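# Working through the structure, step by step
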Amino acid sequence: MFLLFTALLIVLFYLINRAYKNTKDIVINRISINQSHHGNTSVLNILQLSDMHLENISITPDELHDKLKNEEIDLIALTGDFLDRKRTIPKLIPYLKVLNKLNIKYGIYAVFGNHDYVLRNDDLYQLKDELEKYGCVVLQNKNKVISVDGKTVNIIGIDDYSTGRSDLGASYSNIENGTNLVITHDPNVVLDMTNYQFDYLMAGHFHGGQICYPKAYHLVKMGKLIKMNMIKGMHIQDGKPFYINEGLGQTGVNIRIGSRPEITLHQLSLPPAANHESSLPAI
């Protein structure tokens, strides 16, 4: 019996250690969108980082910089769940400094996720202040217009859907005719966006299951997309493309089974301005 118990402990230790090592096996996914456009096409190179969960992250700021320093990046999208404890806020700063070293052309844009909203009042304001201090535009149901080679791009930030903070009308308020790039945390919001045009949407939230063996059964309460088997990668809803990032950090315990931490580099082709249909919401 003692030998059996010892053997089980050894196997359990091995499995846990292996699951922890998986958190260091960072995957860089490269996604191309709208490559069918022809003519005077511009390309927007977007770095997406999601679900950093700084309480449980296995990549250091220096390691992140080494992975990204030679990449061509025009814009950074941070799609929520930075942390959920006030004492972790200082840990965010070195990562923000790294992002500022990348010489981004069009800025850094951020939305909050459900874990960020565990912070209350002054603590949440402190998180927002730190993000803005290091050049991040925090979009809580707001949008920002940029010009890429003379083409209008609306960066639309939809606040967290899972905590009931999304306001689509406010997010799309006064947008201009152009390409609609949406950043949000919970991808389930796409199911309510039939009448809101977007050319591409980036989200996170599901961690690709994080512990996904044999399937991510524990995600069943996290929205309808789970039942539709949409928990990571590229998908289409109402003819519109959206991407679910597996996240860079972990929540709960710092292990991964059947999933890997993800850095995503999106290459979004922008159509010639004259050929682009109206981007206003069809309401």
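Note that the structure is a prediction, hence the values are computed from the model and not measured.

The rules behind the values
- Residues numbered from 1 in each chain as written.
- Predicted model: local features only at pLDDT ≥ 70, side-chain atom pairs only at ≥ 80, totals over all residues.
- Heavy atoms only, no water.
- Helix = DSSP H or I, 4+ residues; strand = E, 2+ residues; numbered from the N terminus.
- Buried < 20%, exposed > 50% of the residue type's maximum accessible area, 1.4 Å probe, protein only.
- Contact = heavy atoms within 4.5 Å.
- Areas by Shrake-Rupley, 256 points an atom, 1.4 Å probe, with all protein chains shown as cover.
- Phe/Tyr/Trp six-rings, centres within 6.5 Å; stacked < 30°, edge-to-face > 60°.
- Lys NZ or Arg CZ within 6 Å of the ring centre and 35° of its normal.
- Pairing = 2+ DSSP bridges.

### Side note on the overall build of the chain
Each helix and strand counted, the chain has six helices and 12 strands in total. A total of 283 residues make up the chain; the buried ones form 52% of that total. For the chain, contacts bridging at least 24 residues in sequence account for 76% of all contacts bridging at least 6. Surface exposure of the chain reaches about 13,400 Å², of which carbon and sulfur atoms provide 52%.

### Details of the packing of aromatic side chains
Applying the stated criterion to the full structure yields two aromatic pairs. Between phenylalanine 112 and tyrosine 117, the aromatic rings sit 5.7 Å apart at their centres with planes inclined by 80 degrees, giving edge-to-face as the arrangement. As far as burial versus exposure is concerned, phenylalanine 112 and tyrosine 117 are alike and both buried. A ring pair is formed by tyrosine 172 and tyrosine 196, whose centres lie 5.0 Å apart and whose planes are at 55 degrees; its orientation type is tilted. Taken together, the positions of tyrosine 172 in the loop between α5 (168–171) and β8 (179–184) and tyrosine 196 in the loop between β8 and β9 (200–203) put the pair 24 residues apart, joining distant regions of the chain. For the pair shown, tyrosine 172 and tyrosine 196 are each scored as buried. The residue whose ring lies beneath arginine 165 is tyrosine 117, and the NZ or CZ to ring-centre distance is 3.7 Å.

### A look at the pairing of strand β2 (residues 42–49)
Along any regular strand the residues' side chains alternate between the sheet's two faces. Most of β2 sits inside the fold, with seven of its eight residues counted as buried. Two strands pair when backbone bridges link them, and β2 and strand β12 (residues 262–270) are joined in this way by seven bridges, in the antiparallel orientation. Its bridge partner being in β12, asparagine 45 is matched across the sheet by glutamine 267. As paired elements, β2 and strand β3 (residues 75–79) share four bridges and run parallel to each other. The residue of β3 that forms the bridge with isoleucine 46 is leucine 75.

Any functional reading would require information beyond the geometric quantities listed.
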